[in-house]
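Here's the letter readout for the chains.
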Amino acid sequence: MKAIRNFFEKTKPHVQKGGKYHWLHSTHDAFFTFAFVSKETSKSGTHIHDFIDLKRTMSIVVLALVPALLFGMYNVGYQHFGALGQLGTAGFWDMFLFGLLKVLPIVIVSYVVGLGIEFIFAQFRGHEVNEGFLVSGILIPLVMPVNTPLWMIAIAVAFSVIFGKEVFGGTGMNIWNPALVARAFLFFAYPGQMSGDAVWISASGVETMVDGFTGATPMAMAAAGNTDFNVWNAFIGLIPGSIGETSTVAILIGAVILLITGIGSWKIMLSTVLGGAAMGLLLNAFAGDNVYMALPFWQHLIIGGFAFGAIFMATDPVSAAQTEKGKWIYGFLIGIFAILIRVVNPAYPEGMMLAILLMNTFAPLIDHYVLEGNIKRRLKRAKVNA
Amino acid sequence: MSKHFKLKRGLDIRLKGAAEAVLEKAEAPKTVALKPTDFPGLTPKLSVKADAPVKAGDALFFDKYHPEILFTSPVSGTVKLVNRGERRKILEVVVEADGKAEFKAFTKADPLKLSREEICGQLLQSGIWPFIRQRPYGTTAKPADQPKNIFVSGFDSSPLAPDYDFIFQNDKSALQTGINALSKLTEGSVFLGLSPKQTNGVFSGLKNVTVNTFAGPHPAGNVGVQLHHVSPINKGDLVWTVSPQAVVYIGRLFETGMLDLSKTIALTGSEVKSPKYYKTIHGAEVCGLLKGKTKHETHERYISGNVLTGTKVDLDDFLGFFDQQITVIPEGDDYEFIGWADPGINKFSASKAFLSSLLPKKEYTLNANMNGGERAFVLSGQYEKYLPMDILPVFLLKAILANDIDKMEQLGIYELVEEDLALCEYACTSKIKVQDILREGINVMVKELG
């Protein structure tokens, strides 16, 4: 421990301004503060500061994502062996290891590319490296189909970090959720590779698929008029889909972590679910003989990316509404639009991504009206007392 | 008409080292000093030279732009030195006490029988006037102004705060006289805010004052929070705020005709061997109060005031003008290995991200470490939890950073001073210097709008 600290302390002068290795300053600082909480003490203002910082906050979000990640790995293997018709013979570890080997490279590419760009920007700006990408870097793999080529992941990450975040000024300044920007970029830039039924299951090069196997997600099936999926499997997560989004159970474990620690906004989570349920009910009421519209509203919450988006994406504090009242409106509208786009728009199988990006865009407007309300109320109060 | 306010938002930071209800007499300070730096925006002009003899109540310096506002010596003795900082800015005017207790004579009279002008005159001459603060901005009140109301908070809710019922236990009549004097200064009322626990203390039964009670965590005792709920200020409104200590000083001045600035302070904090109360004098040197009373004497931080709003002092410094306590905490200037991953059973936090949140009664030793680097605003809804006012603090701070005067005005800069947002700064995940930013904003407002 001491040796590491001495190493960092000894090398510190060399990365300061004017030092030979100044170009490594941000990198040095990032690793040093990652390993050791700085000894810097308060110079002005309050003398004590809470122990919570952005590193703590972000690491808790990453922790909350771990169940979804682990289950995602298992499910990748499960779907693979399912496609081969070998579910009976493949054991738990076969499936998990298969998934691990498929998912790990995606996670590594995401972190290496994203953090690399973050370090370079921090160095140029003379900032400390922000922790925001610790979360984005794991969110991005979790919303990708497992068959996405690594080079596409790299391009998507680079696009989202540079154009989704750094051009606005870095963590805390971005308008859209960076992970969704990456997903949307791939969705619109490479529609051929990113849609259809083949991307969800890692079984390329395998010719011996079982008869009748399509690899379609329950949502794609529902859009095609077949809502006869296994609800229990959808809840557990043993369905095709993006790596981390399939298991409602794993996502709920993450939600519990975020809610106990108070790091995720319960208002946004609840209002998003309420919005989704409300839209689902409304569609049910006007369903007629449209089977997708007739899908029971609660089933919408466990298929596709709805749960994952509501818990981990909509709650991103930077791109969400920032006033407490605004959060209710913001979340509710995400729920509404997600289900609306999902069911009514035939071009997009899933609406969650677009609904969140849309409401990210409108979040400042929502806040603006909440703010105006506050200003008006305060002026009125003056007249009453005058 | 008495009202009760129940405030939900806020936080009581549970620190170790609250003062025991024992009063000791501290050794008489050899030197005392007044620090112009306790008054943001003040430009002092000296009225004495070094080595001049002074009595308690003689002016040491005055406000260049309001020469009627004097700052007077709390003791008799000789002016020892004037410490100056950069560009010859006056940092402190030090008086060496001669121990003779000679007082300049002021009028001894019942303030209820005096006119407003006579009371103002005596307060200005005696140097007590600077204790009267105005809102907006939290600057020294101007004698020519007519305040809508005057507010006094009868309790301090900040961490390890002294118990006002204890430190003013012998000052009941001075409190009443002081309140009487204040009641002549405004056409409105004098409001006193009390905690519901203070049913039988020195503040009960005071006349010429409207009492309201405020229940809830810190900052319920902040006078700004109280006046926000009783009679909020908007553009054009002006109220004055006075601390109970100042009310006592005013009372003594009219009762005795002398400037008696002796006071009781609390010596608190986890690094103090036995935290208790000490009787000393306004502006006393800190070393007399601290020497031999702390546990380690190195890597300690001495604070004149509380941990949220106090000023860092050294042993050769002096008590701040408005401070009622000294707090000693560990400096915390050491590295901690992957501290962000610590489960945190010993880490008190306003958030629920540490195991300590499972122990709702435990008291903690907190040090002055920043516990993280400064970041942009990332989280939302955090500050609102610690400000029991109808104000959106993050948007106000952003307006200040953007130098948008209209927005600052609309979002409530008139109602806040630093202490009201101190908890937000403590709890901030991004370690943003909230109090500094707010003062910058207030300075802009003073400069642009006067």
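- With an unreviewed UniProt entry as reference, chain B is termed Na(+)-translocating NADH-quinone reductase subunit A, source organism Gaoshiqia sediminis.
- UniProt annotates chain B under Subunit (unreviewed entry) with the comment "Composed of six subunits; NqrA, NqrB, NqrC, NqrD, NqrE and NqrF."

- The name given to chain A in an unreviewed UniProt entry is Na(+)-translocating NADH-quinone reductase subunit B, with the source organism recorded as Gaoshiqia sediminis.
- Per UniProt, the comment on chain A under Cofactor (unreviewed entry) is "FMN".
- Per UniProt, chain A carries the Function (unreviewed entry) text "NQR complex catalyzes the reduction of ubiquinone-1 to ubiquinol by two successive reactions, coupled with the transport of Na(+) ions from the cytoplasm to the periplasm. NqrA to NqrE are probably involved in the second step, the conversion of ubisemiquinone to ubiquinol."

Here's the deal with the overall build of chain B
Item 1. What chain B contains, in helices and strands, is 10 helices and 21 strands.
Item 2. Since a compact globule built from 450 residues should have a radius of gyration of about 22 Å, the 21 Å found for chain B is in line with a globular shape.
Item 3. For chain B, the proportion of its 450 residues judged to be buried stands at 62%.
Item 4. For chain B, the accessible area works out to roughly 17,600 Å², and carbon and sulfur atoms hold 51% of it.

A short note on the sheet that holds strand S19 (residues 311-313) of chain B
All names here are of chain B.
Item 1. Taken in spatial order, the six strands line up as S2-S17-S16-S20-S18-S19 in an open sheet, and their pairing is mixed. Lying at the two open borders of the sheet, with one neighbouring strand each, are strand S2 (20-25) and S19. Direction aside, neighbouring strands of the sheet carry axes that sit 30° apart on average.
Item 2. Pairing of S2 with strand S17 (residues 276-281), which is carried by four bridges, proceeds in the parallel orientation. When the bridges of S17 are listed, Glu-24 appears paired with Tyr-278.

Focus on the layout of surface pockets
The method is simple in principle: a probe with the dimensions of a water molecule rolls over the atoms, and the space it marks as empty is what remains.
Item 1. Here the second largest pocket is characterised by a volume of approximately 920 Å³.
Item 2. Looking at the second largest pocket, it is lined by 40 residues, and the ones nearest its centre are Lys267(A), Glu324(A), Lys327(A), Gly381(B) and Lys385(B).
Item 3. For the lining of the second largest pocket, the elements supplying multiple residues, two or more each, are helix H12 (266-285), helix H15 (324-344) and helix H16 (352-385) of chain A.
Item 4. With four residues, H16(A) is the largest single contributor of residues to the lining of the second largest pocket.
Item 5. Looking at the lining of the second largest pocket residue by residue, the classes come out as 16 nonpolar, 14 polar and 10 charged.

Overview of the interface of chain B and chain A
Item 1. Opposite the 70 residues of chain B that make contact, chain A presents 61 residues.
Item 2. Roughly 6,000 Å² is buried in total at the junction of chain B and chain A, and carbon and sulfur atoms are behind 57% of that figure.
Item 3. Considering only the surface of chain B that becomes buried against chain A, Tyr335(B), Trp340(B) and Arg375(B) emerge as the three largest contributors, covering 16% of it.
Item 4. Between Arg377(A) and Asp390(B) there is a salt bridge; the shortest N-O distance is 2.8 Å.

Reading guide: rules and limits
Residues numbered from 1 in each chain as written. Chains lettered and ligands numbered in written order. Predicted model: local features only at pLDDT ≥ 70, side-chain atom pairs only at ≥ 80, totals over all residues. Heavy atoms only, no water. UniProt positions renumbered as here; feature names shortened; annotations may be inferred. Helix = DSSP H or I, 4+ residues; strand = E, 2+ residues; numbered from the N terminus. Rg over C-alpha atoms; globule rule 2.2 N^0.38 Å. Buried < 20%, exposed > 50% of the residue type's maximum accessible area, 1.4 Å probe, protein only. Areas by Shrake-Rupley, 256 points an atom, 1.4 Å probe, with all protein chains shown as cover. Pairing = 2+ DSSP bridges. Axes fitted to C-alpha atoms, helices over the stretch in contact; angles between N-to-C directions. 1 Å grid on protein atoms, 1.4 Å probe; cavity = no way out; pocket = protein on both sides within 12 Å on 5 of 7 lines; lining within 4 Å. Points joined across faces, edges and corners; volume = space filled by probe spheres on them. Nonpolar A, V, L, I, M, F, W, Y, C, P; charged D, E, K, R; others polar. Contact = heavy atoms within 4.5 Å. Buried area = accessible area lost by both parts, 1.4 Å probe. Salt bridge = Lys/Arg side-chain N within 4 Å of Asp/Glu carboxyl O.

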